[in-house]
Amino acid sequence: MAEKKAGGGQSADSDILIQVRREIASHLFRTAWLEIAAFSILGIGLCFALGPYASRLRESVWIFLLLIVSAARSAHVYFTDSDTFCSGKGSSGIAELQYFCGVLASSAVWSVGILWFSAELPLTELVYLLFFTAVEMTVSGACLMLSRKCFAAAVALPAAAVIYAVCSYEWPCRKELLLFIIIASVLSAVGIRRAVGGTVVSDLYRRFVNAGEARRLYEEGLNLRRDDLTDQLTGVGSSKCYAEKLADFWRICSRTSSPLSLLLIDIDYFAKYNNIYGSRTGDACLRKTAEIIRKAACRRKDDSFSRLDGETFALLLPFTDLAGAKHAAALLRSALNEAAIEHISSGVSDRLTVSVGIATVEPLNSMNSDVLREAAARALKKAKDGGRNQVAVSSAR
């Protein structure tokens, strides 16, 4: 049992992690257009800022690579339905991996540009290059903060290229100070990502955990209520279900000025049946009898059949007049007769029989449901006093 619970806990954790990864993948697709647009616009703007100092061939090749990567990533995002794509258990990981490959390609193209242009630029244009790189890394990092691998792909390659460019350039100031500032900026970005992105992911995890717990408690509540409204022996409605249905039907029939019929059904000499055949066989007999009556008399969706106690059952028939109730009683008695359940200790037959009391009333605002209940009880008593195995009717007073 402990192993089963442990396995269930691991399965629940796995499902929650899948939901978190799915949410991360969905976030990546929602912010994709901003990240790709920033990459393209900043790249083109950088080419204009470099002016005549950069090699035209390298600049043309770099612009071509930048546009190819941007177009490919845009097409991937456009033709991928993120909601459908991330619906399966393994799909969220695939979506994140594909997006990571796109981010890695963008970072590689940008890093190539840094390495190509930094060696041939004067100080002012090199500062432009570093500034545009910092802006691109900031925008990409903000968009990709929830995904560790995508964030690393967006930051690591450009940062390494910038450090290499700074180390290779003859600066008028101390190079060590610049390197310190750059490395400190990268580490700060990583720290912010861990703090903010980790907090968001943790909140997502807690949200899905709380949602799962709320769903579990709700389902447990539904199961408890379902058990409360179901008779555990026979599977038909319980006495509580009968009381609730009677109140509901009484209110509806009162509003619509429609008749409501109640049939009280009692198995004849059931105590003797238990004495002869035993309680286990008696329970099986109750289950079989309940099933026969339910199939024979509950022909409509609104009809309600419940076990009140022991061998007594109640059949509620809304929108049914006395003739309809008598027809239902005839159907259930005929079905029991065809079932031919043996009952050698019965005082009226060698087969199982029932006594039925019928009451029909058209509810009024000045009346309550006790009128119908008492009338059906009087009818059942009349049927039993009259020799059992019969149907009796009583009018409401």
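Residues numbered from 1 in each chain as written. Predicted model: local features only at pLDDT ≥ 70, side-chain atom pairs only at ≥ 80, totals over all residues. Heavy atoms only, no water.

Attention now moves to unusual backbone geometry. Excluding glycine, residues mostly have negative phi values, and the peptide bonds linking residues are mostly trans. Within the chain, Y269 stands out as a residue other than glycine whose phi angle is a positive 55°. Among the structural elements, Y269 can be located in the loop between β1 (260–267) and α10 (270–277). Here the phi dihedral of A340 falls at roughly 50°; this positive angle occurs in a residue that is not glycine. Inspection of the secondary structure puts A340 in the loop between α12 (322–339) and β4 (354–361). (Helix = DSSP H or I, 4+ residues; strand = E, 2+ residues; numbered from the N terminus.)

The subject of this paragraph is the environment of L260. Tracing the chain through its elements places L260 in strand β1. Residues L260 and L372, spaced 112 residues apart in sequence, show a C-alpha to C-alpha distance of 8.5 Å.

This brings us to a nonpolar patch on the surface. A surface patch of nonpolar side chains, amounting to about 460 Å² of accessible area, comprises L57, V61, F64, L65 and I68. Turning to its location among the elements, V61 is positioned in helix α3 (residues 56–78). For V61, a relative accessible area of 32% puts it in the partly exposed group. (Patch = residues over 30% accessible without salt bridge, like charges linked within 9 Å, V, L, I, M, F, W, Y side chains within 5 Å. Areas by Shrake-Rupley, 256 points an atom, 1.4 Å probe, with all protein chains shown as cover. Salt bridge = Lys/Arg side-chain N within 4 Å of Asp/Glu carboxyl O. Buried < 20%, exposed > 50% of the residue type's maximum accessible area, 1.4 Å probe, protein only.)

Moving on, we come to the packing of aromatic side chains. If you walk through the whole model with that rule in mind, you get seven aromatic pairs. With centroids separated by 4.4 Å and ring planes inclined at 35°, the aromatic side chains of Y273 and Y277 adopt a geometry described as tilted. Of this pair, Y273 and Y277 are both found in helix α10, four residues apart, which corresponds to roughly one turn of the helix. What makes Y273 buried here is its relative accessible area of 5%. Geometrically, the ring pair formed by F305 and F313 is stacked, given 5.4 Å between the ring centres and 20° between the ring planes. Overall, F305 belongs to the buried group, its relative accessible area being 7%. Grouping aromatic residues by their ring pairs yields a cluster made of F39, W62, W110 and F117. Positioned over the ring face of Y269 is R388, at 4.5 Å from the centre of the ring. (Phe/Tyr/Trp six-rings, centres within 6.5 Å; stacked < 30°, edge-to-face > 60°. Lys NZ or Arg CZ within 6 Å of the ring centre and 35° of its normal.)

A residue-level look at the protein finds 75% of positions with pLDDT of 70 or above and a mean pLDDT of 79. Considering only residues more than four positions removed or in separate chains, one finds that residues 1–9, a stretch of pLDDT under 50, has zero contacts. The low-confidence segment residues 84–90, where pLDDT is below 50, has 16 contacts with residues more than four positions distant or belonging to other chains. (pLDDT = per-residue confidence, 0-100. Contact = heavy atoms within 4.5 Å.)

Counting buried residues along β4, seven of its eight residues qualify, which places the element largely inside the surrounding structure. Of the strand pairs in this sheet, β4 and strand β5 (residues 391–393) are connected by three bridges, and their pairing is parallel. The residue bridging V356 from the neighbouring strand is V391, located in β5. Taken together, β4, helix α13 (residues 370–385) and β5 constitute a β-α-β crossover, and its handedness is left-handed. (Pairing = 2+ DSSP bridges. Right-handed = clockwise from strand over helix to strand, strands pointing away.)

The packing of two helices is summarised by the inter-axis angle and the distance between the axes. Two elements in contact, helix α11 (residues 279–297) and α12, have axes whose closest approach is 8 Å; the angle formed by their N-to-C orientations is 135°. Classified by the angle between their axes, α11 and α12 sit oblique to one another. Crossing handedness for the pair α11 and α12: right-handed. Here α11 contributes T289, I292, I293, A296 and A297 to the contact with α12, which in turn contributes A328, L331, L332, A335, L336 and A339. For the contact of α11 with α12, the per-class residue count stands at 10 nonpolar, one polar and no charged. (Axes fitted to C-alpha atoms, helices over the stretch in contact; angles between N-to-C directions. Parallel < 35°, antiparallel > 145°, perpendicular 65-115°, else oblique. Left-handed = near helix turned anticlockwise from the far one by under 90°. Nonpolar A, V, L, I, M, F, W, Y, C, P; charged D, E, K, R; others polar.)

Along the chain, D231 falls in the loop between α8 (175–228) and α9 (239–256). What makes D231 buried here is its relative accessible area of 13%. A polar contact is formed between the side chain of D231 and the side chain of T234, at a distance of 2.6 Å. What D231 contacts, discounting residues up to four positions off in sequence, is V236, G237, S238 and R307. (Polar contact = N/O pair within 3.5 Å; in protein donor to acceptor, adjacent residues only side chain to side chain.)

So, about helix α6 (residues 123–143). With 21 residues, α6 extends 30 Å between its outermost C-alpha atoms, agreeing within 8% with the 30 Å of an ideal straight helix rising 1.5 Å per residue. When α6 is considered as a whole, its buried residues turn out to be E125, L126, L129, L130, F132, T133, E136, M137, S140, G141 and C143. Summarising the axial view, the buried residues of α6 lie within an arc of 165°, below the 170-degree limit, and thus occupy one face. Relative to its buried face, α6 has exposed residues pointing more than 90 degrees away, namely F131 and T138. (Expected span 1.5 Å × (residues − 1). Arc of directions from axis to C-beta.)

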